[in-house]
Amino acid sequence: MCGIIGYIGNKEKKEVVLDGLRELEYRGYDSAGISILSNDVLSTFKTTGKLINLEVKCKDFKSSGFGVAIGHTRWATHGKATEINAHPHFGEVSSVVHNGIIENFLDIKKQLESREKVFLSQTDTEVIVHLFEENLSICSNHIKAFKKTIDSLIGSYAILLITKSAPDKIFYAKNGSPLLIGSNGDEIYFASSSTPLIGLVDRVCYLEDGDVGYMDISSFDNLKNIQPMSGEKISSQKEGYRYFMEKEIYEQHKILKDTIRGRILDDSINLELPADFIDGINKVSICACGTSYHAGLSAKYLFEREAKIKTDVFIASEFRYAEPIIEKDSLFIVVSQSGETADTLEALKLANKNGLKTLAICNVDSSSIVREAKYYLLTRAGVEKGVASTKAFSSQVMLLWMLGIYMAQHKKTISNEKIKIQVDNISNSLEATKVNSCIHDKLKKLSKRYLHGHGFFFIGRDIFYPLALEGALKLKEISYLHAEGYPGGEMKHGPIALADSELFCVSLMPKHLLYDKIKNNTQELSARDATICIIAQEYNEVADDVVFIDKFDSYMEEFFAMMIVLQILALEIAIRLGNDVDMPRNLAKSVTVE
Ligand code: F6R
């Protein structure tokens, strides 16, 4: 989603800001822009499409000496993805970039228009710069004018503003959207996530909601909660794979070793949680979006089966406004790859406000969700660049599975022998995620038969139902084909009406869980001429196509092996259709607006 970069210093500001935006590119955007203020000249460049277009547009521009600069990658919310709607938005002497949504922008716009301000764009953001310039003409100083402007805004925002009348400063405000300031003593950097700052600064401040102020080259030390920041820039490479998504599918068996590292001791699960963590907990609520929601839904089956603990799973955007009944003996778990998803973060804040014990399952240390939760466990999947989540999902399911066993240990709902078996299953599941080249080749060939038709049903039962949802989501996201995930047993309650020779059905048929039941459900679709592709250990006459997984002794191992098949199937279909697998249309990696 939208990304922000800011810079105060002596370097070539265009390069610094473009470098920063490149680090945010994988998060998804549809236009980009920069504003540079140096030697009393404010220059703005904007384009639609990829950053390369922006680089070309400003290739002859140079700015020497000290100055300030802001940059933005935009994922359209208000107004189409046009050059005019791209940020920065400018007034007579100022320029602004903004992440988030200004909910009352129409009211402000009307008032400004009634006072003859002219708007160029359809965005909510443009009101900020015009309102600031109007306030500046009334107020005695810049910060008063900026604060007055921010006080008028309702919604979520991370804002950077520069103005010719204060050429050494960047004004900033944060509410609900992430924003960081970093320093290395000589330069100041701003960014909407920590990645662009790694290797450039040694100290960083994660701004809090409600923070409003300005930075010049000497004011960094006045900030509260400055933390050290270490690490070298590790630029992710595709390492011979065609796409980051493909690389991330292949590296799952390696990163899952990191997920479990140090968390299995003496044949039992040992998590970085206090000894009394489970005491007094009688229920679990899990809240997440998208793929992370599917991981949460998978956990419900594991928590209830192993730890005998009632578990409800909520889509975060539905949880917030539903006036949920908050039970004090619930553990509230949020699951998020990025740790910045606005709906999940707000649900977490609500749970905290109601005094619940909260736990984040997250991939990004120091993310907003990790900082907001009372407890957290990191999935350790490493940076995920492909917009369609793969290794984040497997690491979430793995960690949640371990949490289920951890709770079962504490609640004594399973025997030591069963814990040992589960621990063995965990190790074997790592093996199950190793991509078998024969299976990949098979899927490459198979993909050409699955490019037409009016849609796909992915079906599964029990924990294979959330996996079916995830398989359908992967296909939808990168192939743009219509795909739905269903519990196998639901077919005859409506969806089967769509079954005909133009329907594809991908059926997850684990040998070790409800095999006969899912076979019956698949047969119902086959009888109505749907083309059936089964994923299974053994051949089954219901199938038109079979993708064999290796022989496994538990359904969780089968789960992880089938997950790999679904991810590769989506990948190969999307590649055949000529789509940009890593940056699919309309999608953003980190959804920081509700
Ligand atoms: C799908 C995908 C999204 C995210 C969702 C939540 O491939 O990546 O559905 O899972 O936007 O994001 P996080 O996990 O960052 O909270």
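The numbering scheme is per chain: residues are counted from 1 as the chain's sequence reads. Local features in this predicted model are restricted to residues whose pLDDT is 70 or higher, and side-chain atom pairs enter the listing and the counts only when it is 80 or higher, whereas totals over whole chains, interfaces and linings include all residues. Hydrogens are left out, water is left out, and the side-chain values use all remaining heavy atoms of the structure.

Considering the overall build of the chain
Secondary structure is summarised from DSSP: a helix means a run of H or I of at least four residues, a strand means a run of E of at least two, and numbering begins at the N terminus for each. Check the secondary structure of the chain and you find 17 helices and 25 strands. Against the globule reference of 25 Å for 594 residues, the chain gives a C-alpha radius of gyration of 26 Å, in line with a compact fold. The dimensions of the chain, computed from C-alpha atoms along their principal axes, are 75 × 55 × 45 Å. Partly exposed residues are those whose accessible area sits between 20% and 50% of the maximum for their type, while under 20% is buried and over 50% is exposed, using a 1.4 Å probe and protein chains only. Looking at the chain as a whole, 59% of its 594 residues qualify as buried. Contacts: residue pairs with any heavy atoms within 4.5 Å of one another. The long-range share in the chain, meaning contacts at least 24 apart out of those at least 6 apart in sequence, stands at 71%. Counting only carbon and sulfur atoms, one obtains 50% of the accessible surface of the chain, whose full area is about 23100 Å². We treat Lys and Arg as the positive residues and Asp and Glu as the negative residues; His and chain ends play no part in the count. In this description, the location of a charge corresponds to atom NZ of lysine, CZ of arginine, CG of aspartate or CD of glutamate. For the chain, the distance from the average site of its 69 positive side-chain charges to the average site of its 79 negative ones is 1 Å. Computation of the radius of gyration draws on C-alpha atoms alone. For the globule rule, the value is 2.2 Å times the number of residues to the power 0.38. Each accessible area is a Shrake-Rupley result for a 1.4 Å probe, and residues are judged covered by the shown protein chains and nothing else.

Let's talk about the packing of aromatic side chains
In this scheme Phe, Tyr and Trp rings, the latter by its six-membered ring, pair at centre separations within 6.5 Å, and the angle between planes marks the pair as stacked below 30 degrees, edge-to-face above 60, and tilted otherwise. Summed over all chains, the structure comprises 20 aromatic pairs. Arranged with centres 4.6 Å apart and planes meeting at 45°, the rings of Tyr450 and Phe504 form a pair that is tilted. One end of the pair, Tyr450, is in the loop between helix H14 (437–446) and strand S21 (455–460); the other, Phe504, is in strand S23 (residues 503–509), with 54 residues separating them in the sequence. Residue Phe504 is classed as buried on the basis of its relative accessible area of 3%. The ring of Tyr29 is capped by Lys50, whose NZ or CZ atom sits 5.2 Å from the centre of that ring. Definition used: whenever NZ (Lys) or CZ (Arg) falls within 6 Å of the ring centre and also within 35 degrees of the ring normal, the charge is taken to sit over that ring. Sitting above the plane of the Phe277 ring, Lys357 keeps its charged end 4.9 Å from the centroid.

So, the side chain of Asp216
Tracing the chain through its elements places Asp216 in the loop between strand S12 (212–215) and strand S13 (226–228). For the buried residue Asp216, which engages in no salt bridge, the nearest side chain bearing the opposite charge is Lys169, 4.5 Å off. Contact partners of Asp216, with chain neighbours within four places excluded, come to Ile8, Asp168, Lys169 and Ile188. Between Lys or Arg on one side and Asp or Glu on the other, a salt bridge is scored when a side-chain nitrogen of the former is within 4 Å of a carboxyl oxygen of the latter.

Comments concerning the domain arrangement of the chain
Parsing the chain into structural domains produces domain 1 (3–228), domain 2 (241–434) and domain 3 (435–594). Spacing between the C-alpha centres of domain 1 and domain 3 amounts to 43 Å. Facing the 14 residues of domain 1 at the interface are nine residues of domain 3. Taken together, both faces of the contact between domain 1 and domain 3 bury some 900 Å²; the carbon and sulfur share is 61%. Inspection of the region where domain 1 meets domain 3 yields zero salt bridges. In protein, a polar contact requires one atom able to donate a hydrogen and another able to accept it; more generally it is a pair of N or O atoms within 3.5 Å, and residues adjacent in sequence count only if both atoms are side-chain atoms. Connecting domain 1 to domain 3 are one residue pair in polar contact (both at pLDDT 80 or more). Residues are grouped as follows: nonpolar covers Ala, Val, Leu, Ile, Met, Phe, Trp, Tyr, Cys and Pro; charged covers Asp, Glu, Lys and Arg; every other residue, Gly included, is treated as polar. Here the side of domain 1 that touches domain 3 is composed, by residue class, of four nonpolar, six polar and four charged. Where each domain begins and ends follows an automated or database-derived domain assignment. Once two parts are brought into contact, the accessible area they lose, counted with a 1.4 Å probe and summed over both, makes up the buried area.

A closer look at unusual backbone geometry
Phi is mostly negative for residues that are not glycine, and the peptide bonds are mostly trans. Look at the link from His87 to Pro88: it is a cis peptide, with omega at 0°. Within the secondary structure layout, Pro88 lies in the loop between strand S4 (67–74) and strand S5 (89–90). Unusually for a residue other than glycine, Arg380 sits at a positive phi of about 60°. The residue Arg380 is located in the loop between strand S20 (375–378) and helix H12 (391–411) in this model. Accessibility expressed as a relative area gives 30% for Arg380, which makes it partly exposed. Here Asn586, not a glycine, exhibits a phi torsion of approximately 70°, which is positive. Considering the arrangement of structural elements, one finds Asn586 in the segment after helix H17 (555–576).

Section: the sheet that holds strand S22 (residues 483–487)
Strands qualify as paired when DSSP identifies two bridges or more between them. Read across the open sheet, the five strands follow the order S22-S21-S23-S24-S25; overall the sheet is parallel. One side of each edge strand has no neighbouring strand; the edge strands of this open sheet are S22 and strand S25 (545–548). Across the sheet, the mean angle from the axis of one strand to that of its neighbour is 20°, orientation sign disregarded. Two elements, S23 and strand S24 (residues 531–536), share six bridges in a ladder whose sense is parallel. If you follow Met509 over to S24, its bridge partner there is Ala536. Fitting a line to C-alpha atoms yields each axis, with helices limited to the stretch in contact; the angle taken between N-to-C directions then spans 0 to 180 degrees.

Things to note about the site of the ligand
If you check the shell around the ligand, you find 13 residues, and the closest are Ser292, Ser336, Gln337, Ser338 and Thr341. Between Ser292 and the ligand, the recorded distance is 2.5 Å, taken from a side-chain N or O atom to an oxygen atom. Separating an oxygen atom of the ligand from a side-chain N or O atom of Ser336 is a distance of 2.6 Å. The site holding the ligand turns out to be the second largest pocket. Elements that contribute at least two residues to the shell around the ligand include exactly helix H8 (290–307) and helix H15 (464–479). Looking at the shell around the ligand, the element that brings in the most residues is H8, giving three residues. By residue class, the composition of the shell around the ligand is three nonpolar, eight polar and two charged. Note on definitions. A residue lies near a molecule or strand when any single heavy atom of the residue is within 4 Å of it. Buriedness of a pocket was judged along seven lines, with at least five required to meet protein on both sides within 12 Å; pockets are open sets of points on a 1 Å grid over the protein atoms alone, cavities are sets where a 1.4 Å probe fits but cannot get out, and lining residues have an atom within 4 Å of a point. More than half of a molecule's atoms lying within 2 Å of a cavity's or pocket's grid points is what places that molecule inside it.

So, the sheet that holds S12
As summarised here, the arrangement of the five strands in space is S5-S6-S7-S8-S12, forming an open sheet in which the pairing is antiparallel. The sheet terminates laterally at S5 and S12, the two strands that pair on one side only. Across nine bridges, strand S6 (residues 94–102) lies against strand S7 (residues 155–163) in antiparallel orientation. Bridge pairing in S7 links Gly100 to Tyr157. Contacts from helix H4 (residues 126–138) reach S5, S6 and S7, with the element oriented near 130° to S6.

Describing empty space enclosed by the protein
Grid points are joined across faces, edges and corners, and a volume is the space filled by probe spheres set on the points. Taken as a whole and judged by the stated rule, the model has two cavities of 30 Å³ or more. Here the largest cavity is characterised by a volume of approximately 80 Å³. In terms of lining residues, the largest cavity is bounded by Cys2, Arg74, Trp75, Thr77, His78, His87, His98, Gly100, Thr123, Asp124 and Thr125. In terms of residue class, the lining of the largest cavity is built from two nonpolar, seven polar and two charged. Roughly 40 Å³ of volume is contained in the second largest cavity. In terms of lining, the second largest cavity is formed by Met1, Cys2, Arg27, Asn99, Pro178, Ser192, Ser590 and Thr592. Counted by class, the lining of the second largest cavity contains three nonpolar, four polar and one charged residues.

Focus: H12
The terminal C-alpha atoms of H12, which comprises 21 residues, lie 30 Å apart, in line with the 30 Å expected from a rise of 1.5 Å per residue. Burial analysis of H12 places 19 of its 21 residues in the buried class, which makes it a mostly covered element. By this rule the span expected of a helix is its residue count minus one, scaled by 1.5 Å.

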